[in-house]
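# Per-entry structural report
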Amino acid sequence: PGVTKCLLESNQKMSPTDSNNYLIDQNSLIHLLWLFGHQRATTFKAAQNEGVPAPWSDEEKARQREMRKQKGTWRQLRHKEDERRLMERNRLKEEKNRLKEEKKVSTV
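Here the structure is a predicted model, which is why all the values come from computation and not from measurement.

Before going further, it helps to examine the overall build of the protein. If you tally the helices and strands in the protein, you get four helices and zero strands. A total of 108 residues make up the protein; the buried ones form 6% of that total. In the protein, of all internal contacts separated by at least 6 residues, the share reaching a separation of at least 24 is 39%. Accessible surface, the protein as shown: approximately 10100 Å² in total, 55% of it carbon and sulfur.

Here you go:
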């Protein structure tokens, strides 16, 4: 909300009225740079207020890289871990049954 508000206010400030007799070069991208500068400043202030590093800081970039290393959502990871445990439990049961059968055969 803060960034959007800033962009809207910036756009209103940039838009000339006929009474001001401003001429804007429609092919110029300088006004976009000005808007991006305001957006970056607003993002930085919001990050400071929340107590987190700015998105372009090295610390935040490293945190984002760590997050991208995770494959899938937390729920998918939990399900994958549940599946692994179930497979391990089934394998142990089969091994236990096999040992029982071997023990039966050897005692007969």
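Below, the discussion takes up the confidence of the model for the protein. Regions with low pLDDT carry predicted coordinates that are not meant to be interpreted in detail. Looking at the protein, pLDDT values average 80 and 74% of them are 70 or higher. Element-level pLDDT for the protein is lowest in helix α1 (residues 2–14), with a mean of 55, against a maximum mean of 90 in helix α4 (residues 74–107).

Our focus in this paragraph is helix α2 (residues 30–50). With 21 residues, α2 extends 30 Å between its outermost C-alpha atoms, agreeing within 8% with the 30 Å of an ideal straight helix rising 1.5 Å per residue. Along α2, the residues that are buried comprise Leu35, Thr42 and Ala47. Axial view of α2: buried residues confined to an arc of 135°, hence all on one face. Exposed residues pointing more than 90 degrees away from the buried face of α2 are listed as Ile30, Leu33, Lys45 and Gln48.

Criteria and thresholds
- Residues numbered from 1 in each chain as written.
- Predicted model: local features only at pLDDT ≥ 70, side-chain atom pairs only at ≥ 80, totals over all residues.
- Heavy atoms only, no water.
- Helix = DSSP H or I, 4+ residues; strand = E, 2+ residues; numbered from the N terminus.
- Buried < 20%, exposed > 50% of the residue type's maximum accessible area, 1.4 Å probe, protein only.
- Contact = heavy atoms within 4.5 Å.
- Areas by Shrake-Rupley, 256 points an atom, 1.4 Å probe, with all protein chains shown as cover.
- pLDDT = per-residue confidence, 0-100.
- Expected span 1.5 Å × (residues − 1).
- Arc of directions from axis to C-beta.

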